[in-house]
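Close look at the chain arrangement
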Amino acid sequence: MQQIAIFASGAGSNAREIIRHFQHHPTIRISLIVCNKPGAGVLQIADKEKIPALMLEKDNFFRGDAYVETLKEFGIDFIVLAGFLWKIPDALIKAYPGKIINIHPALLPKYGGKGMYGAHVHESVIEAGEKESGITIHYVDEYYDHGQPIFQSTVAIEPTDTPESLAAKIHQLEHKFYPVIIEEILNKPNKG
Ligand code: GRF
């Protein structure tokens, strides 16, 4: 069994789709939700799906061992970031080399980096008059939105699109592709 922890601190719609996708999977299990925001929507999803949730404390995450011990105790092999806004500390990257991935709601390397999250991304894309946007799934390294890209998918931006309508289109792409790409990565020999 390969066990995944999903790090999420928002509404958790990606987490929900990933949980659904792997619900009856023979070899891959979502074993833990890791969250830094009390009251986040993703916690209700974890509760409903009976998946344990680990709440992070900022000091322990950044000055301690980044909860590596706890993740190992849960038997976590692979980490999926889905709306997790804190930078991943080196201790965690070293403990899970090549085994942490993120999804970004734009076509990296454009519209990435510190502060480029949520509505900020879509507002910037629309303001710049881009004709398309999309999603990027990538490995996580020590810089924001920087690690090796794994997958991109694009969507056209119509003149009538707003940041909100673009966000909705992007969410659809995320839900469609993130679970499948996670499965592909974990099925590759020598990963996971
Ligand atoms: C997604 O758009 C993801 O790309 C970004 O944060 C958002 C999370 O949305 N990193 P949700 O909490 O999964 O609904």
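Look up a bit, the structure's there.
Notes on the structure follow. (Residues numbered from 1 in each chain as written. Predicted model: local features only at pLDDT ≥ 70, side-chain atom pairs only at ≥ 80, totals over all residues. Heavy atoms only, no water.)

Concerning the site of the ligand
Where we set the bar: Working definition: residue near molecule or strand if any one of its non-hydrogen atoms lies within 4 Å of it. Residue exposure ignores everything except the shown protein chains as possible cover, and the areas themselves are Shrake-Rupley values with a 1.4 Å probe. Gly falls in the polar group here, along with every residue not listed as nonpolar (Ala, Val, Leu, Ile, Met, Phe, Trp, Tyr, Cys, Pro) or charged (Asp, Glu, Lys, Arg).
Neighbouring the ligand are the residues Gly10, Ala11, Gly12, Ser13, Asn14, Gly83, Ile103, Pro105, His171 and Glu174. Out of a free accessible area of 360 Å², the ligand has 85% covered by protein chains. Here the residues of the shell around the ligand sort into three nonpolar, six polar and one charged.

Brief notes about the side chain of Gln2
The line we're drawing: The way it works is that DSSP assigns letters per residue, a run of H or I at least four long becomes a helix, a run of E at least two long becomes a strand, and they are numbered from the N terminus. When accessible area is computed with a 1.4 Å probe and restricted to protein chains, residues below 20% of their type maximum are described as buried, those above 50% as exposed, and intermediate ones as partly exposed. We call two N or O atoms a polar contact when they sit within 3.5 Å, provided that within protein one can donate a hydrogen and the other can accept it, with sequence-adjacent residues counted only if both atoms are side-chain atoms.
The topology assignment puts Gln2 in strand β1 (residues 2–7). A residue is classified by how much of its surface remains accessible, and Gln2, at 15% relative accessible area, is buried. A polar atom in the side chain of Gln2 sits 3.1 Å from the backbone oxygen of Leu186.

Examining the packing of helix α1 (residues 13–22) against helix α7 (residues 163–187)
Which entries qualify depends on this criterion: Fitted lines through C-alpha atoms serve as axes, helices being fitted only where they are in contact, and the angles separating the N-to-C directions of these axes extend from 0 to 180 degrees. In these notes the angle categories are as follows: under 35 degrees is roughly parallel, over 145 is roughly antiparallel, 65 to 115 is roughly perpendicular, and the rest is oblique. Helix crossings are classified by the rotation of the near helix relative to the far one: an anticlockwise turn of less than a right angle makes the crossing left-handed, while a clockwise turn makes it right-handed. The contact rule is simple, with two residues in contact once any of their heavy atoms fall within 4.5 Å.
As a packed pair, α1 and α7 sit with axes 9 Å apart at the nearest point and diverge in direction by 45°. Judged on the interaxial angle alone, α7 and α1 are oblique. Crossing geometry of α1 relative to α7 is assigned as right-handed. For the pair formed by α1 and α7, the contact residues are Ser13, Asn14, Glu17, Ile18, His21 and Phe22 on the first element and His171, Glu174, His175, Tyr178, Pro179, Val180, Ile182 and Glu183 on the second. The residue makeup of the contact of α1 with α7, split by class, is six nonpolar, five polar and three charged.

Function cannot be read off these values alone, since they describe shape.
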